[in-house]
Amino acid sequence: MTKNMGTVDRVIRVILAIVVILLYLAGTITGVAAIILSIIAAIFIITSIVGYCPLYVLLKISTKKHPS
């Protein structure tokens, strides 16, 4: 499993996950939307920690800078 996520990509995902968590805790999002967004936030956090996104493999993209 080769890392395919760059630092900027990982930071953006963590920020988005934190925003979803804060919206949930504030009661702004509830119900099905809260569940779906929470699952996406969890996926964002996990992929950011690991530095690997399976969807990027399917799309054959990488945001990680490779040394020249």
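Each residue is numbered by its place in its chain's sequence as written, counting from 1. With pLDDT at 70 or above as the cut-off, local features in this predicted model cover only qualifying residues; side-chain atom pairs require 80 or more to be listed or tallied, and sums for whole chains, interfaces and linings still use all residues. The basis for the side-chain values is all heavy atoms of the structure; hydrogens and waters are excluded.

S.K.: A description of the packing of helix α1 (residues 7-26) against helix α2 (residues 31-50) should follow, citing residues and the corresponding values.
M.R.: Axis geometry follows a simple rule: fit a line to the C-alpha atoms, using only the stretch in contact for helices, then measure angles between N-to-C directions, giving values from 0 to 180 degrees. Each helix is a run of H or I in the DSSP string that is no shorter than four residues. Each strand is a run of E no shorter than two, and both are numbered from the N terminus. Packing of α1 against α2 brings their axes to within 8 Å, and their N-to-C directions diverge by 150 degrees. When the axis of α1 is compared with that of α2, the two are roughly antiparallel. Regarding α1 and α2, the two cross each other, and that crossing is left-handed. Contacts from Arg10, Arg13, Val14, Leu16, Ala17, Val20, Ile21 and Tyr24 in α1 reach Ala34, Leu37, Ser38, Ala41, Phe44, Ile45, Thr47, Ser48, Ile49 and Val50 in α2. Residues are sorted three ways: Asp, Glu, Lys and Arg are charged, Ala, Val, Leu, Ile, Met, Phe, Trp, Tyr, Cys and Pro are nonpolar, and all the rest, Gly among them, are polar. Here the contact of α1 with α2 is built from residues that sort into 13 nonpolar, three polar and two charged. Angle categories are assigned with fixed cut-offs, so that under 35 degrees is roughly parallel, over 145 is roughly antiparallel, 65 to 115 is roughly perpendicular, and the rest are oblique. Note on convention: near helix rotated counterclockwise from far helix by under a right angle means a left-handed crossing. Clockwise means right-handed. Here, two residues are considered to be in contact whenever any of their heavy atoms come within 4.5 Å of each other.

S.K.: Explain unusual backbone geometry residue by residue, including any values.
M.R.: You will see that Lys60, though not glycine, has its phi angle at about 55 degrees, which is positive. Among the secondary structure elements, Lys60 is positioned in the segment after α3 (54-59). Lys60 gets classed as exposed once you look at its relative accessible area, which sits at 74%. Each residue gets one of three labels from its accessible area relative to the maximum for its type: buried under 20%, exposed over 50%, partly exposed in between, using a 1.4 Å probe on protein chains only.

S.K.: Any details on the side chain of Ser48? Residues and values, ideally.
M.R.: Relative to the assigned elements, Ser48 resides in helix α2. Exposure remark for Ser48: the relative accessible area of 5% places this residue in the buried category. Two N or O atoms count as a polar contact when they lie within 3.5 Å, although within protein this holds only if one can serve as hydrogen donor and the other as acceptor, and sequence-adjacent residues are included solely when both atoms are side-chain atoms. Engagement of the side chain of Ser48 in a polar contact is seen with the backbone oxygen of Phe44, the distance being 2.8 Å. Apart from the residues within four sequence positions on either side, Ser48 is in contact with Met5, Arg10, Arg13 and Val14.

Geometric values such as these leave the question of function open.
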